[in-house]
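# Structure assessment
Here is how the chains run, residue by residue.
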Amino acid sequence: MKKVVIIGASGHAKVIADIVIKSGDELVGFLDDNTELPESIIGYPYLGTVDKYSGYADERFFIIGIGNNLIRKKIAERVDARWYTAVHPSAQLAIDTHIGEGTAVMANAVINTSAVIGRHCIINTGSIIEHDNRIGDYVHISPNATLCGTVLVGELTHIGAGATIKNNISVCGNVIVGAGATVVRNIAEQGTFVGIPARNTASDH
Ligand SMILES: CC(C)(COP(=O)(O)OP(=O)(O)OC[C@H]1O[C@@H](n2cnc3c(N)ncnc32)[C@H](O)[C@@H]1OP(=O)(O)O)[C@@H](O)C(=O)NCCC(=O)NCCS
């Protein structure tokens, strides 16, 4: 059994808390820079601001429960901790997937054979990561998104809820793919892409 501290105390952090408990690990509590939080969050203690983490570092594991990709990256680079990887018991992982440390895999997500997921990612509820995907660090794959086979996603990219990425597509880093978009061509430039087929919103102007 691991003792786990969650950095962040928002809705996303509470979803991770649920995974920690259902995995049979011990939730120590939440660290968050919002000092106005209640003493107890879903029955577990608010422990103080993030810089208090070192007081908990012995024998504890940490996970960043914050949805914003860039904030997760900044905290991961600042906090010297052992990272906890949260995988909901209902997630389906093939025998040879690799999940980077600090990543959270939510309920009913599917990660198929030979997929590699980076560090501090969010593989959200019901999303599908098909075979041979390569997902960079600090990526968020939102609920019900579908990434077909051999999709590559660069660091810090956010794939919106229900979006679909066709097989053999590359999406570079620092991209936002809007909710419900369908990506049928490689994305090699930063920006926000929406619609079917997905287009860069900057090209509307
Ligand atoms: C694409 C997105 C990032 C744009 O956000 P935004 O910059 O705040 O954009 P706005 O809401 O101001 O909308 C700007 C325009 O884009 C349109 N638009 C916004 N999101 C869109 C989407 N997903 N698909 C198609 N059009 C979209 C709006 O209708 C609006 O059009 P208009 O100017 O003709 O009225 C956002 O809408 C989105 O889809 N985010 C993903 C959310 C998500 O999946 N969250 C999961 C969390 S777990």
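Bear in mind that the values here come from a model prediction, so they are computed numbers and not experimental data.

## Points about the overall build of the chain
When its secondary structure is counted, the chain shows 2 helices and 24 strands. A globule of 205 residues ought to have a C-alpha radius of gyration of about 17 Å, and the chain, at 17 Å, matches this closely. Considering only C-alpha atoms, the chain reaches an extent of 45 × 40 × 25 Å along its principal axes. Within the span of the chain, comprising 205 residues, buried residues form 48% of the whole. The contacts of the chain with a sequence gap of at least 6 include a subset with a gap of at least 24, amounting to 23%. Of the roughly 9300 Å² that the chain leaves accessible, carbon and sulfur atoms contribute 50%. Placing the 16 positive and 20 negative side-chain charges of the chain at their respective mean positions leaves the two points 4 Å apart.

## Topic: the nonpolar core
Membership of the largest hydrophobic core comes to 29 residues, with the highest contact counts inside it found for Ile123, Ile129 and Leu147. In this structure Leu147 touches Ile128, Ile129, Glu130, Asn133, Ile135, Ile141, Val153, Ile159 and Ile165, once residues within four positions along its chain are discounted. Listed in part, the 19 residues of the second largest apolar core include Val4, Ile16, Ile19 and Leu27.

## So, helix H2 (residues 69-78)
Residue pairs spaced three or four apart in an α-helix point in one direction, given the helix's 3.6 residues per turn. For H2, the set of buried residues is Asn69, Arg72, Lys73, Ile75 and Ala76. Taking the backbone nitrogen of Leu70 as reference, a side-chain oxygen 3.0 Å away marks Asn68 as the first, capping residue of H2.

## Re the site of the ligand
By nearness alone, every residue bordering the ligand is listed as Asn124, His140, Ser142, Pro143, Gly160, Ala161, Ile176, Gly178, Ala179, Thr192 and Val194. The backbone of Ala161 places a nitrogen or oxygen atom 2.6 Å from an oxygen atom of the ligand. Within the backbone of Ala179, one N or O atom sits 2.8 Å away from an oxygen atom of the ligand. Here the residues of the shell around the ligand sort into 5 nonpolar, 6 polar and no charged.

## Re helix H1 (residues 11-22)
Taking 1.5 Å as the rise per residue, H1 with 12 residues should run 16 Å; its terminal C-alpha atoms sit 17 Å apart, in good agreement. The complete set of buried residues in H1 reads His12, Ala13, Ile16, Ala17, Ile19 and Val20. Burial along H1 is one-sided: seen end-on, the buried residues are contained in an arc of 160°. Contacts made by the buried residues of H1 are with strand S1 (3-7), strand S2 (26-31), strand S5 (60-64), strand S6 (86-87), strand S9 (104-105) and strand S12 (122-123). Gly24 lies just past H1 and shows a positive phi near 85°.

## Some remarks on the pairing of S2
Most of S2 is tucked away, with 5 of its 6 residues classed as buried. Where S2 meets strand S4 (residues 44-48), 2 bridges bridge the pair, whose relative direction is parallel. Bridge assignment links Phe30 to a residue of S4, and that residue is Tyr46.

## Quick notes on the domain arrangement of the chain
By the assigned domains, the chain splits into domain 1 (3-84) and domain 2 (87-195). Relative to domain 2, the C-alpha centre of domain 1 lies at a distance of 23 Å. In this complex, domain 1 contributes 19 residues to the contact, which on the side of domain 2 involves 20 residues. Here domain 1 packs against domain 2, burying approximately 1400 Å² in sum over the two surfaces, 63% of which is carbon and sulfur. In this structure, the connection of domain 1 to domain 2 is made through 1 salt bridge. The partner of Lys73 in a salt bridge is Glu155, with the nearest N and O atoms 2.6 Å apart.

The rules behind these values
- Residues numbered from 1 in each chain as written.
- Predicted model: local features only at pLDDT ≥ 70, side-chain atom pairs only at ≥ 80, totals over all residues.
- Heavy atoms only, no water.
- Helix = DSSP H or I, 4+ residues; strand = E, 2+ residues; numbered from the N terminus.
- Rg over C-alpha atoms; globule rule 2.2 N^0.38 Å.
- Buried < 20%, exposed > 50% of the residue type's maximum accessible area, 1.4 Å probe, protein only.
- Contact = heavy atoms within 4.5 Å.
- Areas by Shrake-Rupley, 256 points an atom, 1.4 Å probe, with all protein chains shown as cover.
- Lys, Arg positive; Asp, Glu negative; His and termini not counted.
- Charge placed at Lys NZ, Arg CZ, Asp CG, Glu CD.
- Core = buried A, V, L, I, M, F, W, Y, C linked by side-chain atoms within 4.5 Å.
- Polar contact = N/O pair within 3.5 Å; in protein donor to acceptor, adjacent residues only side chain to side chain.
- Near = heavy atom within 4 Å.
- Nonpolar A, V, L, I, M, F, W, Y, C, P; charged D, E, K, R; others polar.
- Expected span 1.5 Å × (residues − 1).
- Arc of directions from axis to C-beta.
- Pairing = 2+ DSSP bridges.
- Domains from an automatic or database assignment.
- Buried area = accessible area lost by both parts, 1.4 Å probe.
- Salt bridge = Lys/Arg side-chain N within 4 Å of Asp/Glu carboxyl O.

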